[in-house]
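Topology and contacts: notes
Residues per chain, in single letters:
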Amino acid sequence: MVLRSKNICTFLLTIAILSHVSRSLHFELKSGQSKCISEDIKSNAMTVGKYTVVNPNEPHPFPQSHKINTRVTSSHGNTYHHAEEVDSGQFSFTAVEGGDYSACFAASDHKSDVTLSIDLEWGTGVHYKSLGSLAKKSRVEVMEFEVKALIETVNSIHDEMFYLRDREEEMQDLNRATNSKMAWLSLVSLFVCLGVAGMQFMHLKTFFEKKKVI
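Structure report, in brief. Source: prediction; values computed, not measured.

From N to C terminus, the protein includes three helices and eight strands. Secondary structure elements of the protein occur, N-terminal to C-terminal, as α-β-β-β-β-β-β-β-β-α-α. Looking at the protein alone, contacts between residues at least 24 apart form 72% of all its contacts between residues at least 6 apart. Looking at the protein as shown, the accessible area adds up to about 15,300 Å², and 59% of this sits on carbon and sulfur atoms.

Okay, here's the thing in structure tokens:
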């Protein structure tokens, strides 16, 4: 029993650690084109994203050609972030609805083709709060923050397990209902086949009696 409890704790901690991994992407975008990045987010989960266009003329100011339009939407079409003609930005929100969320980036069209390099960091969970302010806190406060993050992650896993159990029960009820309907359909099909066979037998018997074969 103790070994089983240790295995469960190890499993939960492993998932908690893995859930701390964010998506860090680097991609290129040509002028006049757009690109969307999708992320599957659970309802009531906090998500944080940060995007930056790489300045090709650093340390000089950004050229006007290196501006993008950004929009973050849910699978239901609700907009959570929108920015136009920017070279960087960030977004953070708590997902009201679960599903795929898309971050779309569009580069303005220019007479001369320009290729933009974009860095995107996108993560989900309480641990993606501002790390800059966290670094200024004491070690005890940092540990308290990490403990709270782990507790929320474990609670999220706990809720996910109950959600999966409810989904499993729904699937079992659906399977039982489907099997019951198939059993009734098979029984009705059997009676229909027997009825058709009886009618054919009576028809053939009548036919042969008229022909005086039997």
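What follows concerns the sheet that holds strand β4 (residues 68-73). Taken in spatial order, the four strands make up an open sheet running β2-β7-β4-β5, and their pairing is antiparallel. Looking along the sheet, the strands with just one partner apiece sit at the ends: β2 (34-41) and β5 (79-86). On average, adjacent strands in this sheet sit at an angle of 10° to one another, irrespective of strand direction. Two elements, β4 and β5, share five bridges in a ladder whose sense is antiparallel. Residue pairing in the sheet places Val72 in a bridge with His81 of β5.

Tyr51, Ile68, Phe105 and Ile118 are the most contacted members of the largest nonpolar core, which has 22 residues in total. Within the residue set of this core, elements represented by two or more residues are β1 (23-30), β2, β3 (46-53), β4, β6 (88-94), β7 (99-107) and β8 (115-124). Not counting residues within four places of it along the chain, the set of residues in contact with Ile118 comprises Leu25, His26, Phe27, Leu29, Thr52, Val53, Ile68 and Phe105.

Look at Asn44: it is not a glycine, yet its phi comes out positive at around 70°. With respect to the helices and strands, Asn44 occurs in the loop between β2 and β3. Backbone geometry places Glu85, a non-glycine residue, at a positive phi of 55°. Examined against the element boundaries, Glu85 turns out to sit in strand β5.

What follows deals with the packing of aromatic side chains. Under the defined criterion, the tally for this structure stands at eight aromatic pairs. Seen from their ring centres, Phe91 and Phe93 are 6.3 Å apart, and the 25° between their planes marks the pair as stacked. Taken as a pair, Phe91 and Phe93 share a single burial class, namely buried. Aromatic pair Phe207 and Phe208: ring centres 5.6 Å apart, planes at 65°, arrangement edge-to-face. Judged by relative accessible area, which is 33%, Phe208 ranks as partly exposed.

Below, the discussion takes up the side chain of Ser108. Here Ser108 is to be found in the loop between β7 and β8. Within the structure, the side chain of Ser108 is placed 2.9 Å from the side chain of Glu85, a separation counted as a polar contact. Not counting residues within four places of it along the chain, the set of residues in contact with Ser108 comprises Ser31, Gly32, Lys67 and Glu85.

Looking now at a nonpolar patch on the surface. A cluster of nonpolar side chains, contributed by Trp184, Leu187, Leu190, Phe191 and Leu194, occupies part of the molecular surface with about 570 Å² of accessible area. Residue placement: Phe191 occurs in helix α3 (residues 139-210).

One ladder, built from eight bridges, connects β2 with β7; its direction is antiparallel. In the strand pairing of β7, Asp40 is matched with Asp100. In this sheet, β7 lies alongside β4 in antiparallel orientation, the contact comprising six bridges. Note on β7: the bridge partner recorded for Thr73 is Ser102.

Okay, the side chain of Ser74 next. Considering the arrangement of structural elements, one finds Ser74 in the loop between β4 and β5. Apart from residues no more than four positions distant in its own chain, Ser74 is found in contact with Tyr80, Glu97, Asp100 and Tyr101.

The rules behind each value
- Residues numbered from 1 in each chain as written.
- Predicted model: local features only at pLDDT ≥ 70, side-chain atom pairs only at ≥ 80, totals over all residues.
- Heavy atoms only, no water.
- Helix = DSSP H or I, 4+ residues; strand = E, 2+ residues; numbered from the N terminus.
- Contact = heavy atoms within 4.5 Å.
- Areas by Shrake-Rupley, 256 points an atom, 1.4 Å probe, with all protein chains shown as cover.
- Pairing = 2+ DSSP bridges.
- Axes fitted to C-alpha atoms, helices over the stretch in contact; angles between N-to-C directions.
- Core = buried A, V, L, I, M, F, W, Y, C linked by side-chain atoms within 4.5 Å.
- Buried < 20%, exposed > 50% of the residue type's maximum accessible area, 1.4 Å probe, protein only.
- Phe/Tyr/Trp six-rings, centres within 6.5 Å; stacked < 30°, edge-to-face > 60°.
- Polar contact = N/O pair within 3.5 Å; in protein donor to acceptor, adjacent residues only side chain to side chain.
- Patch = residues over 30% accessible without salt bridge, like charges linked within 9 Å, V, L, I, M, F, W, Y side chains within 5 Å.
- Salt bridge = Lys/Arg side-chain N within 4 Å of Asp/Glu carboxyl O.

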